[in-house]
Amino acid sequence: MPYTISQALQRNLLGNAPNWYKLTIIGFLVLNPILMLSVGPFITGWVLIAEFIFTLAMALKCYPLPAGGLLAIEAVFIGLTHSETVYHEALNNFEVILLLIFMVAGIYFMQDLLRFAFTKILTKIQSKIYISLLFSFTGAFLSAFLDALTVTAVIIAVAYGFYSVYHKYASGGGGNLSNDDTVKDMVRDDLKQFRGYLRNLMMHGAVGTALGGVCTLVGEPQNLLIGAKMGWHFPEFFIKVAPISMPVLITGLLTCIIVERFHLFGYGYQIPGNVKSVLIEEAAKSDAAMGATGKAKLLIQACAAVWLIIALAFHLAAVGLVGLSVIVLLTALCGVTEEHQIGKAFEEALPFTALLVVFFAIVAVIHDQHLFKGIIDYVLRMEGRQQLVAYYSANGVLSMISDNVFVATVYINETKAYFINWLGTIDGVGEVMWEGAKLTKESLMAILTDPNVDRSAEALALLPAASQEAIVHGMEQFDNLAVAINTGTNIPSVATPNGQAAFLFLLTSALAPVIRLSYMRMVVLALPYTITMSIAGFIATWYMPEVEHWLLSLLVAAH
């Protein structure tokens, strides 16, 4: 029976999302203008944030871009923010947008090398604990310099390929990978064991991307966003977050060993011997078929990886432009010259890039309506350690249920706005002249967060000595709060797929159903990491000022 136009419109709205989800979004869109007229923009703004977080939490029902985008567009139309403010937010974070577009696409062309490395780990090493540790550490190392989503995609591709090889063997050459009806009875237990084995490795690898992603400027999108706001290049960022990221990295790797050794939380599955034999045979066939052309491509990709690390470490160009250089080098030297071949590299990044701009629209609402001012002021009235751990905890809890990029964007913007206003209360600011104009609180913050200007620059020398000392101490706390935002959004967010894009990517991949990786099973598998890493991050945040002073004294002594 053909559909009427109204039925077709209803079915088309948000596609295959459940009807209750569609009705909920429609309810949100109807409710917001009514609230705007009845209770004003402040309460409506908070309702909008709750609605947007709902779309993030329901990402498995519907990708957040369509539903969240509708809410963002409505926010502009009913006057919660303005299109100019959204554009300004996007423009301020243009470097992050470049990162997502070009760096992710650049790493796409290095997948052969990454797949080769993970395949060797899986087939050459016998100990499950060693393999798990290497998956986690390799995921961490690669994600510190590359993109966590791409690293996860490569791990998924390796696991899916191996699973399909053995499932084909177990089912006699046919059958759906998600269905065991055609699987021979004698190998059913082996297949079940192999599924558990792959689930374990996927989670170790995914957590590894979070362990490495927190460490560097390019590890996660919010890192670059925070680094841009603070004026930190790659080396400065690594050093700033190291007092927290390094203890958490060690804790995460130890957790990997413990859960495998004692078979905790669903870990400890071993690969059956006959499964290993089938996989080794398949890997040998792939190596034999590689030929000189394949080996040359691996060599070129390895050289590109070295260039990438050097370019990032010495900040030879903006991160996104480094990614673009990788695209040019690898496509030219590996013979990728068809437009549709190159276009595939951008398919993974662009949906999330569009979603990030929608984030900025919600951030614009928060900025225009001063929604977080009361919360930020309350936390910043705390002092020292309490302030730092409060920031770490608040960002951690929100990132468990929402998206960590969104949370980090809100907190770093509002915190920087607070410190700009604080600079306006310092004696001498707004009175002395700097480069032919008055030194305003905004221009002073621009100087203090300029990566090419020393904070003890001439601008500070124009101010009274007491003002200089207050600014130095205040900016040290601002730095520490930025680190707390970064680590708070990166570490506890491993609790759920909502917070970590790599986890969500794994959960929505073609691999998840065939290895029986559900939402709740992923939460259970992530639980030991969530507990140990979050506690380690909390303790490290508490002692961060002492560690910084200790490191500074070591540097002074060495000098």
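Residues numbered from 1 in each chain as written. Predicted model: local features only at pLDDT ≥ 70, side-chain atom pairs only at ≥ 80, totals over all residues. Heavy atoms only, no water.

A. Broad picture of the overall build of the protein chain. The helix and strand tally for the protein chain stands at 26 helices and two strands. Across its three principal axes, the protein chain shows a C-alpha extent of roughly 80 × 70 × 50 Å. The contacts of the protein chain with a sequence gap of at least 6 include a subset with a gap of at least 24, amounting to 76%. Carbon and sulfur atoms provide 67% of the accessible area of the protein chain, an area that totals close to 24300 Å². Taken as two groups, the 30 positive and 39 negative side-chain charges of the protein chain have centres that lie 14 Å from each other. (Helix = DSSP H or I, 4+ residues; strand = E, 2+ residues; numbered from the N terminus. Contact = heavy atoms within 4.5 Å. Areas by Shrake-Rupley, 256 points an atom, 1.4 Å probe, with all protein chains shown as cover. Lys, Arg positive; Asp, Glu negative; His and termini not counted. Charge placed at Lys NZ, Arg CZ, Asp CG, Glu CD.)

B. Representation of the nonpolar core. Within the largest apolar cluster, 168 residues are counted, with the highest numbers of intra-cluster contacts made by Phe194 and Phe406. Sequence-distant contacts of Phe406, that is, excluding residues within four places in its chain, are made with Phe52, Ile53, Leu56, Phe359, Ile362, Val363 and Ile366. (Core = buried A, V, L, I, M, F, W, Y, C linked by side-chain atoms within 4.5 Å. Buried < 20%, exposed > 50% of the residue type's maximum accessible area, 1.4 Å probe, protein only.)

C. Quick peek at unusual backbone geometry. In this structure, Leu14 takes a positive phi of about 55° despite not being glycine. Structurally, Leu14 is set in the loop between helix H1 (5-12) and helix H2 (19-38). The backbone phi angle of His370 is positive, close to 55°, even though this residue is not glycine. Judged by relative accessible area, His370 falls into the partly exposed class, the value being 48%.

D. Seen up close, the side chain of Lys416. Looking at the element boundaries, Lys416 is found in helix H19 (residues 404-423). Looking at Lys416, its side chain comes within polar contact range of the main-chain oxygen of Lys229, at 2.8 Å. Residue contacts for Lys416: discarding those within four places in its chain leaves Lys229, Met445, Thr449 and Phe478. (Polar contact = N/O pair within 3.5 Å; in protein donor to acceptor, adjacent residues only side chain to side chain.)

E. Examining the packing of helix H6 (residues 94-108) against helix H14 (residues 319-333) more closely. Two elements in contact, H6 and H14, have axes whose closest approach is 7 Å; the angle formed by their N-to-C orientations is 25°. Looking at the two axes, H6 sits roughly parallel to H14. The handedness of the crossing between H6 and H14 comes out as left-handed. Counting all contacts with H6, which are made through Glu95, Leu98, Leu99, Phe102, Met103, Ala105 and Gly106, the residues of H14 involved are Val319, Gly320, Val322, Gly323, Leu324, Val326, Ile327 and Leu330. For the contact of H6 with H14, the residue count by class is eleven nonpolar, three polar and one charged. (Axes fitted to C-alpha atoms, helices over the stretch in contact; angles between N-to-C directions. Parallel < 35°, antiparallel > 145°, perpendicular 65-115°, else oblique. Left-handed = near helix turned anticlockwise from the far one by under 90°. Nonpolar A, V, L, I, M, F, W, Y, C, P; charged D, E, K, R; others polar.)

F. Main features of the pattern of salt bridges. Applying the stated criterion across every chain yields a total of four salt bridges. A salt bridge links Lys120 to Asp287, with the shortest nitrogen-to-oxygen separation between them at 2.5 Å. Of this pair, Lys120 sits in helix H7 (residues 111-124) while Asp287 sits in helix H13 (residues 273-313), and the two are 167 residues apart along the sequence. Among the residues examined, Lys120 registers a relative accessible area of 23% and is labelled partly exposed. Measuring nitrogen to oxygen at the nearest pair gives 3.0 Å for the salt bridge that ties Lys128 to Glu260. Taken together, the residues Lys128 in helix H8 (residues 128-145) and Glu260 in helix H12 (residues 234-261) connect sequence positions 132 residues apart. (Salt bridge = Lys/Arg side-chain N within 4 Å of Asp/Glu carboxyl O.)

G. The arrangement of the environment of Glu282 in detail. Assignment of secondary structure puts Glu282 in helix H13. Its relative accessible area of 29% is what places Glu282 among the partly exposed residues. Counting along the chain gives 208 residues from Glu282 to Glu74, while the straight-line C-alpha distance between them is 54 Å.

H. Region of interest: the state of the cysteines. Summed over all chains, the structure comprises zero disulfides. You can see Cys303 has no disulfide; the closest cysteine sulfur is in Cys334, sitting 10 Å from it. In this structure Cys303 comes out as partly exposed when scored by relative accessible area, which is 47%. Owing to a relative accessible area of 13%, Cys334 belongs among the buried residues under this scheme. (Disulfide = S-S within 2.5 Å.)

I. Summary view of the packing of aromatic side chains. Scanning the entire structure with this criterion turns up 18 aromatic pairs. Ring centres 6.2 Å apart and planes at 15° place the aromatic pair Tyr163 and Phe194 in the stacked group. Placement of Tyr163 in helix H9 (residues 148-170) and of Phe194 in helix H10 (residues 188-213) is noted, with a sequence separation of 31 residues between them. The buried category is assigned to Phe194, whose relative accessible area is 0%. Here the aromatic cluster, defined as three or more aromatic residues joined through ring pairs, consists of Trp20, Tyr21, Phe28 and Phe54. Stacked on the ring of Tyr269, the Lys or Arg Arg199 has its end atom at 5.5 Å from the ring centre. (Phe/Tyr/Trp six-rings, centres within 6.5 Å; stacked < 30°, edge-to-face > 60°. Lys NZ or Arg CZ within 6 Å of the ring centre and 35° of its normal.)

J. Layout of helix H3 (residues 41-57). Spanning 17 residues, H3 covers 24 Å between terminal C-alpha atoms, matching the ideal 24 Å at 1.5 Å per step. Inspection of H3 places Thr44, Gly45, Leu48, Ile49, Glu51, Phe52, Ile53, Thr55 and Leu56 among the buried residues, and these make up the whole buried set. Among the structural elements, H2, helix H4 (64-77), helix H16 (349-369), helix H18 (384-401) and H19 are those in contact with the buried residues of H3. (Expected span 1.5 Å × (residues − 1).)

K. Just helix H25 (residues 519-542), in detail. With 24 residues, H25 should cover 34 Å at 1.5 Å per step; its first-to-last C-alpha distance of 32 Å lies within 8% of that length. A maximum bend of about 40° is found in H25 at Ala526, where proline Pro528 lies one to four positions downstream. If you check which residues of H25 are buried, you get Met522, Leu525, Ala526, Pro528, Tyr529, Thr530, Met533, Ser534, Ala536, Gly537, Ala540 and Thr541. (Bend = angle between axes of the 7 residues up to and from the residue.)

L. Geometry of the environment of Phe116. With respect to the secondary-structure elements, Phe116 resides in helix H7. On the basis of relative accessible area, Phe116 is assigned to the partly exposed category, the value being 32%. C-alpha separation for the pair Phe116 and Ala296, spaced 180 residues apart in sequence, amounts to 13 Å. Apart from residues lying up to four places away in sequence, Phe116 is in contact with Asp287, Met290 and Leu298.

M. Up close: the packing of H19 against helix H22 (residues 465-490). Running from N to C, H19 and H22 cross one another at 170°; their axes reach a closest spacing of 9 Å. One way to sum up the angle between H19 and H22 is to call them roughly antiparallel. Where H19 approaches H22, its residues Asn404, Val407, Ala408, Tyr411, Ile412, Thr415, Lys416, Phe419, Trp422 and Leu423 are matched on the opposing element by Ala470, Ile471, Gly474, Phe478, Leu481, Ala482, Ile485 and Thr489. Grouping the amino acids of the contact of H19 with H22 by side-chain chemistry returns 13 nonpolar, four polar and one charged.

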